[in-house]
Amino acid sequence: MFDRLQAVEDRYEKLNELLSDPSIVNDTNKLRDYSKEQSDIQDTVDTYREYKQVREQLQDAKAMLDDKLDPEMREMVKEELSELEQQMENLEARLKLLLVPKDPNDDKNVIFEIRGAAGGDEAALFAGNLYRMYSRFAEIQGWKTEIIDANPTGLGGFKEIIFMINGKGAFSKLKFENGAHRVQRVPETESGGRIHTSTATVACLPEAEDVEVEIHDKDIRFDAFASSGAGGQSVNTTMSAVRLTHIPTGIVVSCQDEKSQHKNKDKAMKVLRARVYDKFQQEAQAEYDQVRKSAVGTGDRSERIRTYNFPQNRVTDHRIGLTIQKLDQILEGKLDDIIDALVLEDQSKKLESAGEL
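The structure displayed is predicted, hence computed values, not measured ones.

Colleague: Just checking my understanding: could you explain the packing of aromatic side chains for this structure?
Modeller: The full count for this structure, using the stated rule, is six aromatic pairs. Geometrically, the ring pair formed by F112 and Y134 is stacked, given 4.5 Å between the ring centres and 20° between the ring planes. Here the residue F112 occupies a position in strand β1 (residues 110–116), and Y134 occupies one in helix α5 (residues 121–141), the gap between them amounting to 22 residues. Looking at F112, the relative accessible area reads 0%, which means it is buried. The class of Y134 is buried, set by a relative accessible area of 0%.

Spelled out as structure tokens, the structure:
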């Protein structure tokens, strides 16, 4: 492990030299690539350097114990040794985690697709609850939310809503939200007070950059139409809404949120690129799973991953067996307890896999 860490630190120093080279500074592409590489390993290098400092302090403290010390001083050195050994243990655990290959999508923006599933109007209302929950979470993180397309219902819910969350590291925190979310509550329209169960599906995709997935103009069918609102009312008479069809995969994306056809097309292209990228990733993952049966998770978005129980103010994430009695806070975007637990579980599995290699 320490040979690998030293190699990372050596590379960091080499990148420092390269980024000071005038020929690199004047080359936009190389400057961007080297800067990103250095940024990606910064945390590992800082932690490794801190580890080496603590190791040196530990050696010095052990050497002091060999000297003739009075009982009080010896006790102080022993206490310092205990603290330093605990620091070493914590830093070593962190370094092991930092050496686990990072998900290349972690720093990307996120495209969410939420759809009401089983439960009719109640499912659509729940889809609206989930959209608000993720929007509030993004707001707390200092991220920006942007609606791309929406199909609202008259009761304030959404049959479908697609939106983007822009923020560094957004995908790293939200990538575990894929799946079927279940709600248990008494609907406003239920006169008998009976608890109903409804579901909404959530798809969370990393925003794909142009260089990651190549989409040719000849492979896209473009259609323009007049946008409309809830109940079929015409919002405007111009052909501002757009529909893009990716012919090779059959993926269709519509966008009518903006009044400008150009802006709608740009937004639709972002979603299309993300969906095509996600499709290729899923196909690659399926192939990988066949080769290595021990791969974690199935990637099946139809699985029920979480239940939101209103009568008991309870949220349960079924994948990790986590139950939290703070549904009201979670719906206000306070998702940290759930997300942190999911991230920790993912990291533990990655460490186990790394140990097997």
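Let's pick the thread back up.
Colleague: When you look at the confidence of the model for the protein in this model, what are you seeing that I'm missing?
Modeller: Note: predicted coordinates in regions of low pLDDT should not be interpreted at a detailed level. Scored by pLDDT, the protein has a mean of 82; 87% of the residues are at 70 or more. Low pLDDT (under 50) marks residues 230–234, which in the prediction has four contacts with non-local residues, meaning those over four places away or in another chain. Across residues 291–302 the pLDDT falls below 50, and counting only partners more than four positions away or on other chains, this stretch makes 20 contacts in the model.

Colleague: Sorry if this is basic, but what is going on with the sheet that holds strand β11 (residues 322–324) here?
Modeller: Across a sheet, paired strands are connected by hydrogen bonds in the backbone, their directions being either parallel or antiparallel. The sheet built from eight strands is open, its strands ordered β2-β3-β1-β5-β4-β9-β10-β11 with mixed pairing. Of all strands in the sheet, those with a lone pairing partner are β2 (144–152) and β11, marking the two edges. With strand direction ignored, the average angle separating the axes of adjacent strands in the sheet is 15°.

Colleague: How should helix α1 (residues 2–18) be read in this particular structure?
Modeller: Each full turn of the α-helix corresponds to 3.6 residues, which orients residues three or four apart in the same direction. Between its first and last C-alpha, α1 extends 24 Å over 17 residues, near the 24 Å set by a 1.5 Å rise per residue. For α1, the set of buried residues is L5, V8, E9, Y12, L15 and L18.

Colleague: Help me understand the side chain of R306, please; the structure alone is not making it clear to me.
Modeller: For R306, the position within the fold is in strand β9 (residues 304–309). In this structure R306 comes out as buried when scored by relative accessible area, which is 0%. Side-chain polar atoms of R306 contact the side chain of Y308, separated by 3.2 Å. Excluding residues that lie within four positions of it along the chain, R306 makes contacts with Y134, E177, A180, H181, R182, V315, T316, D317, H318, R319, I338 and L342.

Colleague: I'm lost on a nonpolar patch on the surface in this one. Help?
Modeller: On the surface, M64, M73 and M76 cluster together to form a nonpolar patch covering roughly 260 Å² of accessible area. Along the polypeptide, M64 turns up in helix α3 (residues 28–66). Classification of M64 by relative accessible area gives partly exposed; the value is 34%.

The rules behind the values
- Residues numbered from 1 in each chain as written.
- Predicted model: local features only at pLDDT ≥ 70, side-chain atom pairs only at ≥ 80, totals over all residues.
- Heavy atoms only, no water.
- Phe/Tyr/Trp six-rings, centres within 6.5 Å; stacked < 30°, edge-to-face > 60°.
- Helix = DSSP H or I, 4+ residues; strand = E, 2+ residues; numbered from the N terminus.
- Buried < 20%, exposed > 50% of the residue type's maximum accessible area, 1.4 Å probe, protein only.
- pLDDT = per-residue confidence, 0-100.
- Contact = heavy atoms within 4.5 Å.
- Pairing = 2+ DSSP bridges.
- Axes fitted to C-alpha atoms, helices over the stretch in contact; angles between N-to-C directions.
- Expected span 1.5 Å × (residues − 1).
- Polar contact = N/O pair within 3.5 Å; in protein donor to acceptor, adjacent residues only side chain to side chain.
- Patch = residues over 30% accessible without salt bridge, like charges linked within 9 Å, V, L, I, M, F, W, Y side chains within 5 Å.
- Areas by Shrake-Rupley, 256 points an atom, 1.4 Å probe, with all protein chains shown as cover.
- Salt bridge = Lys/Arg side-chain N within 4 Å of Asp/Glu carboxyl O.

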